[in-house]
Amino acid sequence: CTVIFTRLATRDLHKPISILFCNLAVSDLFTSFSGFWISMLFITNPDVTIFGSKDMLAPYALYTTSILSTIYNLVSIGIERYLAVAESMRTRFRVSRNHSIAVVFISWVLAFFLGCLPLMGWNCLHAERSVSVLYSPFCVNYLIFIAIPNVAVAFVVPLFTYLRIIIILRKRKLRMQACGQATGTYKSAESQVARTSISIWLLALVSYAPFFAGVIFDAANQRCHADLYPGVYIFRNCTATLITITCLGNPVLYTLRLRTLGAKLKALRCLSADRGPACTI
């Protein structure tokens, strides 16, 4: 909420990256709200969160939707940051405000469609054989359909984009060194981007890898709920806690360092513009 109110109060939403940051905050807010909803159901009636019931479909669907939206936002931010650095390399494509709005709209439509499939009928309320043990009454095949491609996207795409950013900055630094020009700004930007990128990727890895492992265990497990209580459900609660930590870590990684990182990227573009024909790239 602090991130959203700050963005709206400063009228900074005309920037493409600010739209993505604000949308990420909305996704994190939905994740926290749905997690709180599930926690209240556990406090009032613990059995429904273990053995499953129709009452769990709506909160689980909202929880899935918010997680998917967060993943799509993380991927979009990584791509936008890559294009922002590549734009300083005189590429033709530049992300605009309309592009960010379109990405936000598409990500939410896709997240709501995939997350609400159980509400549309893809659930196991009346099919005991394929019911999920960890997330009843979701079906195991639905969880596999949702988890495998989206977790792969959350790991692979940000890793690729941030590695490309680091490689671009490294090449620019080496070329400026060959021209005999100062590279202090490039060194500072490269180290900061590297630290931030590693933190982003590790946070996603630590947060979503246990959830992915739980889905794999769920698919391979054939035992009933009572046989796995309470250890497996403690593990499920830990995965939910890690996802909540991601919601707390996103504002720190993306919002608090945005001004410094933006200044570094702006300085890089200024150096590139002031250099002129002294060195051909």
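Only a predicted model underlies this, so the values are computations on that prediction, with no experimental measurement involved.

A.B. asks: Please clarify how the environment of Ser 100 should be interpreted in this entry.
C.D. replies: Note on placement: Ser 100 falls in helix α5 (residues 97-115). Taking the relative accessible area as the measure of exposure, Ser 100 reaches 2% and is therefore buried. Considering only alpha carbons, one finds Ser 100 and Glu 80, 20 residues apart in sequence, at a separation of 8.8 Å. If we ignore the near neighbours within four places in the chain, the residues touching Ser 100 are Pro 16, Ile 19, Leu 20 and Val 95.

A.B. asks: What is the right way to read the side chain of Asn 73 from this model?
C.D. replies: Locating Asn 73 in the fold gives a position in helix α4 (residues 57-87). Within the local environment of Asn 73, its side chain forms a polar contact with the side chain of Ser 27, the two groups lying 3.2 Å apart.

A.B. asks: Would you mind showing me how to read unusual backbone geometry here?
C.D. replies: What you tend to see is this: most non-glycine residues have negative phi, and most peptide bonds are trans. Put simply, Ser 136 and Pro 137 share a cis peptide bond, and its omega is 10°. Along the chain, the position of Pro 137 falls in the loop between α5 and α6 (140-178).

A.B. asks: How should I be thinking about the nonpolar core in this particular structure?
C.D. replies: Formed by 33 residues in total, the largest nonpolar core has its most connected members in Tyr 135, Phe 138, Tyr 142 and Tyr 208. Elements with a minimum of two residues in this core: α2 (16-44), α4, α5, α6, α7 (184-220) and α9 (231-255). Apart from residues no more than four positions distant in its own chain, Tyr 208 is found in contact with Ile 67, Thr 70, Ile 71, Phe 155, Ile 243 and Thr 246. Grouped together as the second largest cluster of nonpolar side chains are 18 residues, Leu 20, Ala 86, Trp 108 and Leu 169 included.

A.B. asks: Help me understand the packing of aromatic side chains in this model?
C.D. replies: Any pair of aromatic rings gets described here by the distance separating the centres and the angle formed by the planes. Per the counting criterion, the structure on display carries nine aromatic pairs. Aromatic side chains Phe 33 and Trp 37 sit 6.4 Å apart centroid to centroid with 45° between the ring planes, which places their arrangement in the tilted category. Of the two residues, Phe 33 and Trp 37 both sit in helix α2, four residues apart, roughly one turn of that helix. Given the relative accessible area of 49%, Phe 33 is considered partly exposed. You can call Trp 37 partly exposed: its relative accessible area is 33%. Look at Trp 108 and Phe 112: their rings are 5.6 Å apart centre to centre, the planes differ by 35°, and that puts the pair in the tilted class. With Trp 108 and Phe 112 both in helix α5, this residue pair falls four residues apart, about one helical turn. By relative accessible area, which is 38% here, Phe 112 ends up partly exposed. By way of ring pairs, the aromatic residues Tyr 60, Trp 122, Tyr 135, Phe 138, Tyr 142, Phe 145 and Phe 211 are connected into one cluster.

Analysis parameters
- Residues numbered from 1 in each chain as written.
- Predicted model: local features only at pLDDT ≥ 70, side-chain atom pairs only at ≥ 80, totals over all residues.
- Heavy atoms only, no water.
- Helix = DSSP H or I, 4+ residues; strand = E, 2+ residues; numbered from the N terminus.
- Buried < 20%, exposed > 50% of the residue type's maximum accessible area, 1.4 Å probe, protein only.
- Contact = heavy atoms within 4.5 Å.
- Polar contact = N/O pair within 3.5 Å; in protein donor to acceptor, adjacent residues only side chain to side chain.
- Core = buried A, V, L, I, M, F, W, Y, C linked by side-chain atoms within 4.5 Å.
- Phe/Tyr/Trp six-rings, centres within 6.5 Å; stacked < 30°, edge-to-face > 60°.

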